[in-house]
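An overview of the molecular structure
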Amino acid sequence: MGFARTCSVALVGVDGVVVEVQADLEPGVAAFTLVGLPDKSLTESKDRVRAAVVNSGGEWPQKKLTVGLSPASVPKGGSGFDLAIACAALGASERIDPRVLADIVMIGELGLDGRVRPVRGVLPAVLAAAEAGYEQVVVPESAAAEASLVPGVSVLGVRSLRQLIAVLTDEPVPDEDPDEQGRTNPLAGLRMPGTGAATGMHSMGAAQHDHEHDLADVVGQLSARTAVEVAAAGGHHLFLEGPPGAGKTMLAERLPAVLPRLHRSESLEVTAVHSVAGLLPPGKPLVDVAPYCAPHHSATMQALVGGGQGVARPGAVSLAHRGVLFLDETPEFSSRALDALRQPLESGHVVIARSAGVVRFPARFLMVLAANPCPCGRFSQRDTLCECSPSMIRRYQARLSGPLLDRVDLRVEVDRVTRSQLTERGARGESTETVADRVREARARAAARLTDTPWRTNSEVPGRELRSRWYASPGAMDDAERSLERGVLTARGLDRVLRVAWTVADLAGRDRPGVADVTLALQLRTGVPRGVPMAIGASR
């Protein structure tokens, strides 16, 4: 009887569980049994592994082979166990020394010819292996850069099972031809349905270096530009309301470039989610800029918050983690999908329960809503171009529920651009670079103030902490408190006004919010003009 064991990783959401892959050979009719709660794709690995071993020059044992995946209570799926199953079987037949395999974690899919193909979720799998104390990991060569992001782990990237066998048996490593130039990227097949172009994922590198999307290109819209700057500085959610063609989408597309680059820990969080979704761009394993996700208004609730058959997969809110989620034509989204956003907006994560298990995805994003004032888009207090009846306007605006809008910190009306603004020369606004510098300084002030706390931005600080530890100037909150008494603000709204006031003070370089800062925050919160200037940069 022969026995060998090695390890692989089962993913539950973006969390990994180290799985011991055990292989047992005993006399009997040649058979291959796989146990341990595998799904359909994992059960099919029996045929892939057998063909890969034979085509790699190995001899398949003509005995009864039983492969167990432990712990058996954890659901397991995907083709990432192929490499570990093949090596465990070869260890049980003594083609490989079983002692060599015991402390190695193997992740990879096998082709019928023995090639090792990439799989989704390499980064979270290696992170789980490192947390469990493993120091050696074998992955496909194309995923070696992604696995190497985890410190303290020795990563071996292989092209084929033949190469891995040679490394483990101290034999000469054969040369394997790389994929032909011009061949379709092997990672393209990892993309899950519903996580490709339909999600509106922004090019990763464009968020910080795309000179085609500059804030200076936005004509006029001083109030909206100020709201974008405040949103970026404090991580506040934003609602842009205005007629078609006023620049709402332009402003939202330029917001990611204003956000600071992600810290190392944030980059690993974002990269793990995108790795599970199969959205990592080739040649760039680490996402270090804020992602941008703009799903179409026909997106379902599962597409927004995550879900699907079997084990749930990340939705748009998780793909926008630490970045921007832009919902254009927000009233056209289903009310069920929009109301599902309430929980992640408050908690910063999504918990999805399915029959195959419960998964938790991170979802701390900056939400930007954009909407027309009415179905025709021309409703305004200044003119009578709108053809919609009052009841039509009420029904259209009621599609956005009060509880959802109560979680939005900034509400700005985007005015129609005039002819003089479009044709005026030399009237460009501040560039993205100028605004981004101011945002970085404001975030640095907030980070210094929030040192030794679990929060990094003003939008994350609970209201009770703001009221008890960081005080506004005496009398600064009087107007906001009167709005609470009149029912204009809810208790949550009052806390959000205070958070925005701190962000305005950080942008202006003040130690704490004053009357002008709170008044501007109240104006941004309610959308009602209160006679304060909107140009934060110009007032410094």
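To be clear, the structure that these remarks concern was listed above.
Residues numbered from 1 in each chain as written. Predicted model: local features only at pLDDT ≥ 70, side-chain atom pairs only at ≥ 80, totals over all residues. Heavy atoms only, no water.

**Digging into the overall build of the protein**
- A tally of regular secondary structure across the protein gives 23 helices and 16 strands.
- Referenced to the eigenvectors of the C-alpha coordinate spread, the extents of the protein come out at roughly 85 × 50 × 45 Å.
- Out of the 540 residues in the protein, the part that is buried amounts to 51%.
- Total accessible area computed for the protein in this model is approximately 23900 Å², and 50% of it derives from carbon and sulfur atoms.
- Of the side chains in the protein, 60 bear a positive and 62 a negative charge, and the two mean positions are spaced by 6 Å. (Helix = DSSP H or I, 4+ residues; strand = E, 2+ residues; numbered from the N terminus. Buried < 20%, exposed > 50% of the residue type's maximum accessible area, 1.4 Å probe, protein only. Areas by Shrake-Rupley, 256 points an atom, 1.4 Å probe, with all protein chains shown as cover. Lys, Arg positive; Asp, Glu negative; His and termini not counted. Charge placed at Lys NZ, Arg CZ, Asp CG, Glu CD.)

**Re the environment of Val228**
- Position of Val228 among the secondary structure elements: in helix α9 (residues 222-234).
- Apart from residues lying up to four places away in sequence, Val228 is in contact with Leu238, Leu251 and Leu255. (Contact = heavy atoms within 4.5 Å.)

**Some remarks on the pairing of strand β2 (residues 15-26)**
- Across 11 bridges, strand β1 (residues 2-12) lies against β2 in antiparallel orientation. Counterpart to Phe3 in the pairing with β2 is Asp24.
- Hairpin connection between β1 and β2: a loop of two residues separates the two successive antiparallel strands, and Gly13 in this loop has a positive phi of roughly 70°.
- Sheet analysis places β2 next to strand β4 (residues 64-70), joined by seven bridges and oriented antiparallel. Bridged to Leu25 within β4 is Leu65. (Pairing = 2+ DSSP bridges.)

**What about the side chain of Ser160?**
- Position of Ser160 relative to the elements: it lies in the loop between β9 (154-158) and α7 (161-168).
- For Ser160, the side chain forms a polar contact with the main-chain nitrogen of Gln163, separated by 3.2 Å.
- The residues contacting Ser160, other than those within four sequence positions of it, are Gly114, Arg115, Val116 and Glu176. (Polar contact = N/O pair within 3.5 Å; in protein donor to acceptor, adjacent residues only side chain to side chain.)

**Focus on helix α23 (residues 515-526)**
- Here α23 spans 16 Å end to end across 12 residues, near enough to the 16 Å set by a 1.5 Å rise per residue.
- Summarising burial for α23: nine of the 12 residues are buried, a large majority.
- Looking only at α23, the buried set comprises Asp517, Val518, Thr519, Leu520, Ala521, Leu522, Gln523, Leu524 and Arg525.
- Buried residues along α23 sit against α9, α17 (402-405), β16 (410-413), α21 (478-485) and α22 (491-508).
- Just downstream of α23, Gly527 is the residue with a positive phi angle, here 75°. (Expected span 1.5 Å × (residues − 1).)

**Here we look at the side chain of His349**
- Among the secondary structure elements, His349 is positioned in strand β13 (residues 349-354).
- Judged by its relative accessible area of 18%, His349 is buried.
- Here Arg360 takes part through its side chain, which lies 3.1 Å from a polar atom of the side chain of His349.
- Excluding residues that lie within four positions of it along the chain, His349 makes contacts with Gln343, Pro344, Arg360, Phe361, Pro362 and Ala363.

**Focus on the pattern of salt bridges**
- Taken as a whole, this structure holds 33 salt bridges when the rule is applied.
- Here Arg50 ties to Asp47 by a salt bridge, and the two come within 3.3 Å at their closest N and O atoms. Of the two residues, Arg50 and Asp47 are both situated in helix α2 (residues 45-55); the distance of three residues between them amounts to about one turn of the helix.
- Relative accessible area serves as the criterion here: at 52%, Asp47 is assigned to the exposed category. (Salt bridge = Lys/Arg side-chain N within 4 Å of Asp/Glu carboxyl O.)

**Quick notes on the packing of helix α5 (residues 122-131) against helix α11 (residues 264-277)**
- Put simply, α5 and α11 touch, their axes get as near as 7 Å, and they point 120° apart. Accordingly, the angle class assigned to the pair α5 and α11 is oblique. In this structure, α5 contributes Val122, Leu123 and Pro124 to the contact, and α11 contributes Leu268, Thr271, Ala272, Ser275 and Val276.
- A per-class count over the contact of α5 with α11 returns six nonpolar, two polar and no charged. (Axes fitted to C-alpha atoms, helices over the stretch in contact; angles between N-to-C directions. Parallel < 35°, antiparallel > 145°, perpendicular 65-115°, else oblique. Nonpolar A, V, L, I, M, F, W, Y, C, P; charged D, E, K, R; others polar.)

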